[in-house]
Amino acid sequence: MKKINDFEEDYYLPAKVSTVDGVNIGCTPCKVYLPEKMNEEPVLVFGSTESDVLPFKNNTVFSIRCDFRGDQWKSVYIESDEVFLKEYKVKPGIGGLTSGQVVAIPTELYVFHDFLKKVDSEELIYTFWITPNPLLSPLEAMGSTYTGEVFFTRYRKYRFDLGGGISVVFENHYSQSRGDDGEFSQFPYLVAMVKADDSEKSVRELAVNIEARLDDLLLFASLAVRVRTACKGWECWFNGTQSRFYRGDVIYPRISARNDSRYYLIDKGDAEDFVSHCYDFFGDLKDEYKLAVRNAIYAISPFDNVNLESSFLYKFSALESLLLVYRRSNLCEKIVDKPTWKRLRTKIKCLIKESPQGIDKRLRGLMYLKVEEVNRFPLKQVFIDFCEDFSIDLDDLWPVFGNGKLCGLAEVRNKLIHGEVFPTLTHRALDFAHKHLGYVLERMVLRVLNYDVEKTNCSKSFLKKEAVAVIEMEKELEIMSNYFS
């Protein structure tokens, strides 16, 4: 990242600052530092004197507008509707003057730079910045000439149809930066190139439409490698103008996919067909299923390392979300209808009231609180029906629900949610249970998307050869079951 106060800002403009409610705070000098790498974020630095930064003292969240016109640039416009205060500094300066500085981070930042030159026939092409994903990166080889010039030969690029006449091609672009020692370094980054021809919409309106479709496509690219892939923003050159948009609502993944296809859900050779199939099928799902599938993929493909217990609960919650949508879609939330249940509930309460001696008023009250659960469709039965309807075979995995002798993943979840601290003896078994829960959730998502599980790396045939957690499951399942007993 460019160093603040080293005169390396991208723009230095007067900024109109307002509260999020639209109340004007004032106008102050603003330095705009744009990121050099995708894992960085834009930074705004306001003020030079104490009077410049004083209005920020009681406003930790605000919005900005910069609109500058001059000879060097025909027009520069910068805006952000939500900027968070990061640092507020006031210190004595030379000659008795007090200097002030505010450092802030925008949630989203839009930069529009209109140059003097106009090209009426220029194509409208967007470059979307994508976080690393080995299955989307084009196949290419690096070479060099006898003069030392480096070049890349590209053998294949991945292309997808986003619908609405929009197609996207993934490429590697290269960026340069100068280090502290003055040496230049070059690093690649993944981009999605989109050519648009809709002249009736503005550049920003088109980008919003494309971005929503691209986010869904990246959802399945994330699932394919089991690590989150996201779009961090975009850039567009059109008719002599440069538009850039930096997304602050998307976190750059702090973990990356391993350079080993055995850890992926999908092999590289099947990636294009997999992503295309899932994207097309996902578009036809009901909104309720879309939300549940999206949540499940987020649980399968995290953006950061989290502890095992938290990951287990997140995955099981995603599993329950899928079952809840299924339960509601198939009208299996309640066992009997309201009139029937009303009569039955009255009889159950009467039976509790006439209970034998030894069950006092307090205990009866506790029983009354549990009566409503009697009419709820059992989660275990909903899960069984779900697996039957979607043709999901889980015979080779850790059972989701126990049978009295063997503990299920649901019982492990219940222990965790109530604060159970598992002893060291069960740590390996807990790790295995977590991996099996991931396999179960993956198979559920794949079948909801109507994709063949046997073509993936969570299939029976693959796991029994490659997954230690499956090969050695029986021993760890016995250890965990003994602990529960």
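Residues numbered from 1 in each chain as written. Predicted model: local features only at pLDDT ≥ 70, side-chain atom pairs only at ≥ 80, totals over all residues. Heavy atoms only, no water.

Q: Which residues make up the overall build of the protein chain, and what are the values?
A: In terms of regular secondary structure, the protein chain is built from 13 helices and 15 strands. Out of the 485 residues in the protein chain, the part that is buried amounts to 44%. Summarising the internal contacts of the protein chain: among those between residues at least 6 apart in sequence, 67% fall at separations of at least 24. Counting every atom, the protein chain has about 26600 Å² of accessible surface; 51% of that belongs to carbon and sulfur. (Helix = DSSP H or I, 4+ residues; strand = E, 2+ residues; numbered from the N terminus. Buried < 20%, exposed > 50% of the residue type's maximum accessible area, 1.4 Å probe, protein only. Contact = heavy atoms within 4.5 Å. Areas by Shrake-Rupley, 256 points an atom, 1.4 Å probe, with all protein chains shown as cover.)

Q: Got a sec to walk through a nonpolar patch on the surface? Specific residues and values, please.
A: Taken together, the side chains of Leu363, Leu366 and Leu369 make up a nonpolar region of the molecular surface, amounting to roughly 280 Å² of accessible area. With respect to the helices, strands and loops of the structure, Leu363 is situated in helix α7 (residues 361–370). Judged by its relative accessible area of 31%, Leu363 falls in the partly exposed class. (Patch = residues over 30% accessible without salt bridge, like charges linked within 9 Å, V, L, I, M, F, W, Y side chains within 5 Å. Salt bridge = Lys/Arg side-chain N within 4 Å of Asp/Glu carboxyl O.)

Q: Tell me what's going on with unusual backbone geometry, and back it up with residues and numbers.
A: Comment: phi is negative for the bulk of residues other than glycine, and the bulk of peptide bonds are trans. Of note in the backbone geometry, Ser391 takes a positive phi value of approximately 55° without being a glycine. On the basis of relative accessible area, Ser391 is assigned to the exposed category, the value being 54%. For Asn450, which is not a glycine, the phi torsion comes out positive at approximately 60°. Relative to the helices and strands, Asn450 resides in the loop between α10 (427–448) and α11 (460–466).

Q: Summarise the layout of surface pockets; cite the residues concerned and give the values.
A: Of the pockets and cavities examined, the largest pocket occupies roughly 1200 Å³. Along its surface, the largest pocket is lined by 38 residues, and Arg226, Arg258, Tyr263, His434 and Lys435 are the ones closest to its centre. Elements with a minimum of two residues in the lining of the largest pocket: α4 (287–300), α5 (308–329), α10, α11 and α12 (468–471). Of the volumes computed, that of the second largest pocket is approximately 960 Å³. Around the second largest pocket, the lining is made up of 37 residues, and of these Pro35, Glu36, Lys37, Met38 and Asn39 lie nearest the centre. Split into classes, the residues belonging to the lining of the second largest pocket amount to 17 nonpolar, 10 polar and 10 charged. (1 Å grid on protein atoms, 1.4 Å probe; cavity = no way out; pocket = protein on both sides within 12 Å on 5 of 7 lines; lining within 4 Å. Points joined across faces, edges and corners; volume = space filled by probe spheres on them. Nonpolar A, V, L, I, M, F, W, Y, C, P; charged D, E, K, R; others polar.)

Q: Go over the environment of Gln101, please, and point to the residues and values.
A: Along the polypeptide, Gln101 turns up in strand β6 (residues 98–106). Sequence separation between Gln101 and Asp52 is 49 residues, and the spatial gap between their C-alpha atoms is 8.0 Å.

Q: Provide a residue-level description of the side chain of Ser301, including the pertinent values.
A: In this structure, Ser301 sits in the loop between α4 and α5. A polar side-chain atom of Ser301 sits 2.5 Å from the main-chain carbonyl oxygen of Ile297. (Polar contact = N/O pair within 3.5 Å; in protein donor to acceptor, adjacent residues only side chain to side chain.)

Q: Quick rundown of the packing of α5 against α10? Include the residues and the values.
A: At their nearest, the axes of α5 and α10 sit 10 Å apart, and the two run at 30° to each other. Of the possible angle classes, the one that applies to α5 and α10 is roughly parallel. α5 and α10 meet at a crossing whose hand is left-handed. Across the interface between the two elements, Leu308, Glu309, Ser311, Phe312, Lys315, Phe316, Ala318, Leu319, Leu322 and Leu323 from α5 touch Leu430, Asp431, Ala433, His434, Leu437, Gly438, Val440, Leu441, Met444 and Val445 from α10. (Axes fitted to C-alpha atoms, helices over the stretch in contact; angles between N-to-C directions. Parallel < 35°, antiparallel > 145°, perpendicular 65-115°, else oblique. Left-handed = near helix turned anticlockwise from the far one by under 90°.)

Q: Explain the pairing of strand β8 (residues 124–130) to me, and be specific about the residues and the numbers.
A: Of all 7 residues that make up β8, 6 are buried, and the element is covered over most of its length. Pairing between β8 and strand β14 (residues 231–238): 6 bridges, direction antiparallel. Residue pairing in the sheet places Thr127 in a bridge with Glu235 of β14. (Pairing = 2+ DSSP bridges.)

Q: Can you break down the packing of aromatic side chains residue by residue, with the values?
A: Inspection of every chain in the model, using the stated rule, returns 16 aromatic pairs. With a centroid separation of 5.3 Å and an interplanar angle of 70°, the aromatic rings of Phe220 and Phe282 are classed as edge-to-face. Note that Phe220 is positioned in helix α2 (residues 203–225) and Phe282 in helix α3 (residues 271–283), a separation of 62 residues in sequence. The pair Phe220 / Phe282 is uniform in exposure class, with both members buried. Through a chain of ring-to-ring contacts, the aromatic side chains of Tyr110, Tyr126, Phe128, Trp234 and Phe245 assemble into a single cluster. (Phe/Tyr/Trp six-rings, centres within 6.5 Å; stacked < 30°, edge-to-face > 60°.)

Q: I'd like a description of the side chain of Asn133, backed by residues and values.
A: In this structure, Asn133 sits in the loop between β8 and β9 (139–144). Its relative accessible area of 1% is what places Asn133 among the buried residues. Polar contacts involving the side chain of Asn133 include one to the main-chain amide nitrogen of Leu135, which spans 2.9 Å. Here Asn133 is in contact with Leu190, Ala221, Ser222, Val225 and Thr229, once residues within four sequence places are set aside.

Q: Account for the nonpolar core, with residues named and values stated.
A: Of all hydrophobic cores here, the largest spans 103 residues; its most connected members are Tyr126, Phe128, Phe170, Leu214, Phe274, Phe383 and Trp398. The element best represented in this core is α2, accounting for 13 residues. Setting aside chain neighbours within four positions, we find Phe383 in contact with Leu319, Leu323, Leu394, Val400, Phe401, Val440 and Met444. Of all hydrophobic cores here, the second largest spans 27 residues; its members include Val53, Phe62, Ile78 and Met193. (Core = buried A, V, L, I, M, F, W, Y, C linked by side-chain atoms within 4.5 Å.)

Q: Break down the pairing of β6 for me, citing the residues and quoting the values.
A: Looking along a regular strand, one sees side chains alternate from face to face of the sheet. The element β6 is extensively covered by neighbouring structure, given that 7 of its 9 residues are classed as buried. One ladder, built from 3 bridges, connects strand β3 (residues 43–46) with β6; its direction is antiparallel. Looking at β6, one finds that Val45 is bridged to Val103.

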